[in-house]
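# Chains, contacts and geometry: an overview
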Amino acid sequence: LVLSGPSGGGLTTIVLERSRRVGGLFSVSATTRAPGPGERDGGDYFFVDQPTFQRWIDEDRFLEHAQVFGRSWYGTPEGPVREALARGDLVVLDIDVQGAEQVHDRVPDMLGVFILPPNDGTLLDRLRRRGREDEATIQRRYAEAVREMTRARENQVYDAFVINDDLAGTVEQVAEMVATRLGRLQASS
C-alpha cells in the first residue's frame, strides 16, 4: 500500500489510524537528515550519512529514493519490503509522488492511494495551523503541494484519490480499499 499526499493533507494521521485498524507493517525509510527530538534509529528512520546513502543507491538497495527540498535524501530499503511481501504481509509506504512512481515501476501491482485536501484554501490553512514554519516556507510547501497533486493526477500510478474532509471517513475509505485488494489477492492465490 502506497499512501501519498501533500504536506498538511493529514497523511501521517491517516497512516497511523489506518495501521491501527487494518494492521500491516509500516516501512521504515532511510534518511541523511539528523534525528529529530524523540526519533530513534531503526524505528522512525534509518539515520545514515551521505556516503552510506550513496553506496546504497549504487548497490540498488532502494525501492525508491529522492532528495527532498534539495537537502536531505530519503529512501525505502527494498530488502525488508520484499521479505515482508514474501511472507504475505501488508506493507505500508508513506512516500511522495516521485517515490510512488519509482515503486510502481518495481512493484506494478501496488495499491496507490493519494490523499487530497478538500480544497486549496484548506490545504494552505492546514499548513499555517501547524505553526512550525514562516510564511515563505509555507508558501514554498503550498506551491510544491499543488505541483505534487497535479503530477499525481497525471501519472496513472494511483488507484484512488480520497478527499480528506473527515478523518474517520477517510480512514474508513482507505481501510475498505485495502480489505478489497487483500481479498482479491487471497482469492487469486
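In the block above lies the structure referred to throughout.
What this report covers is the structure whose coordinates are included nearby. All figures in this text were calculated on a predicted structure; none of them were measured in a lab.

## Observations regarding the sheet that holds strand β3 (residues 29-31)
Taken in spatial order, the four strands line up as β4-β3-β6-β5 in an open sheet, and their pairing is mixed. If you trace the sheet from one side to the other, it starts and ends with β4 (45-47) and β5 (62-68), each paired once. For this sheet the average axis-to-axis angle between neighbouring strands, irrespective of direction, equals 25 degrees. Across six bridges, β5 lies against strand β6 (residues 72-77) in antiparallel orientation. Within β6, the position partnered with Phe 62 by the bridge is Pro 77.

## A short note on helix α2 (residues 50-58)
The complete set of buried residues in α2 reads Thr 52, Phe 53 and Trp 56. The arc that holds every buried residue of α2, seen down its axis, measures 100 degrees, which confines them to one face. Residues of α2 that are exposed and point over 90 degrees away from its buried face: Pro 51 and Asp 58. Of the residues flanking the end of α2, it is Asp 60, one or two places downstream, whose phi is positive at about 60 degrees.

## With respect to the sheet that holds strand β2 (residues 25-26)
Two orientations exist for strands paired in a sheet by backbone hydrogen bonds: parallel and antiparallel. Taking strand neighbours across the sheet as the criterion, the five strands line up as β2-β7-β1-β8-β9 in an open arrangement whose pairing is parallel. In this open sheet, the two edge strands, each paired with only one partner strand, are β2 and β9 (160-163). The pairing of strand β1 (residues 2-4) with strand β7 (residues 91-94) spans two bridges and is classified as parallel. Note that in β7 the partner of Val 2 across the bridge is Leu 93. Lying over the sheet, helix α6 (residues 135-154) contacts β8 (112-116) and β9, oriented at roughly 145 degrees with respect to β8.

## Structural notes on helix α5 (residues 120-129)
Looking at α5, one finds that the buried residues are Leu 123, Leu 124, Arg 126 and Leu 127. For α5, the buried positions fall inside an angular range of 160 degrees around the axis, keeping them on one side. Buried residues in α5 make contact with α6. In the segment just after α5, Gly 131 is the residue with positive phi, at about 65 degrees.

## A closer look at the nonpolar core
General note: in soluble globular proteins, nonpolar side chains tend to be found buried as a group. Counting residues in each nonpolar core, the largest one holds 24 residues, and the members touching the most others are Val 2, Leu 93, Val 103, Phe 114 and Tyr 158. Breaking this core down by element, the ones donating at least two residues are α3 (78-86), β7, α4 (97-106), β8, α5 and α6. Considering each element in turn, this core owes the most residues, five residues, to α6. Setting aside anything within four residues of it in sequence, one finds Phe 114 in contact with Ser 4, Gly 5, Pro 6, Val 97, Glu 148, Met 149, Ala 152, Tyr 158, Ala 160, Phe 161 and Val 162. Leu 3, Leu 11, Val 113 and Val 162 belong to the second-largest nonpolar core, a separate cluster that totals 14 residues.

Each value, and the rule that gives it
Residues numbered from 1 in each chain as written. Predicted model: local features only at pLDDT ≥ 70, side-chain atom pairs only at ≥ 80, totals over all residues. Heavy atoms only, no water. Pairing = 2+ DSSP bridges. Helix = DSSP H or I, 4+ residues; strand = E, 2+ residues; numbered from the N terminus. Axes fitted to C-alpha atoms, helices over the stretch in contact; angles between N-to-C directions. Buried < 20%, exposed > 50% of the residue type's maximum accessible area, 1.4 Å probe, protein only. Arc of directions from axis to C-beta. Contact = heavy atoms within 4.5 Å. Core = buried A, V, L, I, M, F, W, Y, C linked by side-chain atoms within 4.5 Å.

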